[in-house]
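Letter by letter, the chains look like this.
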Amino acid sequence: MSKANSSVPNIGDKAPDFQLPDINMKMHKLRDYTGGKIVLAFFPAAESPTCTAEMCSFRDSMTDLQQSGARIIGISVDGPFANKIFTENRHLNFDLLSDYKRETINKYGVVMENLGPLEGYNAAKRSIFILDENYNIIYKWVSDVPTIEPTNYEEINTVLKKTD
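Model, not experiment: these values are computed from the prediction.

## Observations concerning the overall build of the protein
At step 1: When you go through the protein residue by residue, the secondary structure sums to five helices and nine strands.
At step 2: Seen in sequence order, the protein has helices and strands lined up from the N terminus as β-β-β-α-α-β-α-β-α-β-β-β-β-α.
At step 3: Taking 164 residues into account, the globule formula puts the C-alpha radius of gyration at 15 Å, and the protein, at 14 Å, falls close to it.
At step 4: The principal-axis extent of the C-alpha atoms belonging to the protein is close to 45 × 35 × 30 Å.
At step 5: Counting only residues that meet the buried cut, the protein has 50% of its 164 residues in that class.
At step 6: The contacts in the protein between residues at least 6 apart in sequence include a share of 64% that link residues at least 24 apart.
At step 7: Carbon and sulfur atoms form 49% of the exposed surface of the protein, whose accessible area is close to 7900 Å².

Shown next, in the form of structure tokens:
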């Protein structure tokens, strides 16, 4: 597999655009999401214990996130079918997009090479990017350890509630 061809964008950078399918194979571009802040939540593997805990935390805080005008977008390298089962099993109430070609994780510099013992299987590093209404990155958190959830969900909520 190819190595990441991009470094992680910094706070203040314009977020790289993408075009990815959702669980129904409808294509979405980042620029299709308008009218508020966006939380891009990259995760390594649908239905894995830590990914389930993280995505369910976002699901359970959806009302607060929506009140702050934010939208959540989950992104993994899992196919649309796996993401659909994950969405249905966990009653997720936000879009999960499939980066099955691994182009977006490369653009964001969040490639985790060799997931667990699976040599050559590159997944997304668990990462959070919050974008403002103009798609500028206003927060980032990237973990090199796939079993660690975002360190502080309250910090994410604080960033989302700030008005500029």
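Having seen the structure, we can now continue with the description.
## Notes on helix α5 (residues 153-161)
At step 1: Listed in full, the buried residues belonging to α5 are Ile156, Asn157, Val159 and Leu160. Each buried residue of α5 sits inside an arc of 160° when the element is viewed along its axis, so together they form one side.
At step 2: On its buried side, α5 packs onto β3 (38-42), α1 (49-60), α2 (62-67), β8 (127-131) and β9 (137-142).

## Some words on unusual backbone geometry
At step 1: A positive phi angle, near 70°, is found at Glu47, a position not held by glycine.
At step 2: With respect to the secondary-structure elements, Glu47 resides in the loop between β3 and α1.
At step 3: Residue Glu47 is classed as partly exposed on the basis of its relative accessible area, which comes to 28%.
At step 4: You will see that Tyr135, though not glycine, has its phi angle at about 70°, which is positive.
At step 5: Assignment of secondary structure puts Tyr135 in the loop between β8 and β9.
At step 6: Judged by relative accessible area, which is 11%, Tyr135 ranks as buried.

## What to know about the pairing of β3
At step 1: Judged by how many residues are buried, β3 sits mostly within the fold: five of five residues are covered.
At step 2: When β3 meets strand β4 (residues 71-76), the two strands line up parallel, connected through five bridges. Of the residues in β4, the one forming a bridge with Ile38 is Arg71.
At step 3: Two elements, β3 and β8, share five bridges in a ladder whose sense is antiparallel. Each residue of the ladder has a partner; that of Ile38, found in β8, is Leu131.

What counts, and where the lines are drawn
Residues numbered from 1 in each chain as written. Predicted model: local features only at pLDDT ≥ 70, side-chain atom pairs only at ≥ 80, totals over all residues. Heavy atoms only, no water. Helix = DSSP H or I, 4+ residues; strand = E, 2+ residues; numbered from the N terminus. Rg over C-alpha atoms; globule rule 2.2 N^0.38 Å. Buried < 20%, exposed > 50% of the residue type's maximum accessible area, 1.4 Å probe, protein only. Contact = heavy atoms within 4.5 Å. Areas by Shrake-Rupley, 256 points an atom, 1.4 Å probe, with all protein chains shown as cover. Arc of directions from axis to C-beta. Pairing = 2+ DSSP bridges.

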